[in-house]
Amino acid sequence: MAPRTSTGGGVGHPRPPGRPPESDHAVHSHHLVADLHGAYTRDGGDSRAAELAGQLRTASRAFAGLWSEHPVLGSHCAPKRLRHPRLGLLELRCQTPVDPHQSQRLPVFTAVPGSESHARLRLLSV
């Protein structure tokens, strides 16, 4: 089964409103492909992840190139930079709790307390 949580964007997907800056696109794409590759490896060749990977390999040369590298996610989630439509560029840390029984992950993004990104995020609560 393909990952049910996704930040969207990246290889083969339309960009959501809060997206990585163009300069981070390559790294972000690599992480998304590695995430799908992990689901494919875990769930097998008859899975939804395999179906999605096949569709993306056909539709996107960039995806096919990344897929052929057999990317693997590390045990940590690197800091991410996302461009919010109203707040501008945010530098966020990510924690990803995993529910192994449901093959689901929930990325939780936070900003370092006292940082400019933290102050900007607080504006959303007003």
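The rules behind the values
- Residues numbered from 1 in each chain as written.
- Predicted model: local features only at pLDDT ≥ 70, side-chain atom pairs only at ≥ 80, totals over all residues.
- Heavy atoms only, no water.
- Pairing = 2+ DSSP bridges.
- Helix = DSSP H or I, 4+ residues; strand = E, 2+ residues; numbered from the N terminus.
- Axes fitted to C-alpha atoms, helices over the stretch in contact; angles between N-to-C directions.
- Phe/Tyr/Trp six-rings, centres within 6.5 Å; stacked < 30°, edge-to-face > 60°.
- Buried < 20%, exposed > 50% of the residue type's maximum accessible area, 1.4 Å probe, protein only.

### Focus on the sheet that holds strand 5 (residues 108-110)
Across the sheet, which stays open at both edges, the 3 strands sit in the order 1-2-5 with antiparallel pairing between neighbours. Every interior strand has two partners, whereas the edge strands, strand 1 (80-84) and strand 5, have only one. Averaged over all pairs of adjacent strands, the angle between strand axes in this sheet comes to 50°, irrespective of strand direction. By the bridge criterion, 3 bridges tie strand 2 (residues 88-95) to strand 5 in an arrangement that is antiparallel. Residue pairing across strands places R93 opposite T110, the latter belonging to strand 5.

### Some remarks on the packing of aromatic side chains
One pair of aromatic rings is described through two measures. These are the centre distance and the angle between the planes. One pass over the structure, following the stated rule, counts 2 aromatic pairs. Geometrically, the ring pair formed by Y40 and W67 is edge-to-face, given 5.5 Å between the ring centres and 75° between the ring planes. Of this pair, Y40 sits in helix 1 (residues 25-43) while W67 sits in helix 3 (residues 61-68), and the two are 27 residues apart along the sequence. For Y40, a relative accessible area of 31% gives the class partly exposed. Ring geometry for F63 versus W67: centroids 5.6 Å apart, planes at 25°, classification stacked. Of this pair, F63 and W67 are both found in helix 3, 4 residues apart, which corresponds to roughly one turn of the helix. You'll find F63 and W67 in the same group, each marked buried. Taken together, Y40, F63 and W67 form an aromatic cluster joined through their ring pairs.

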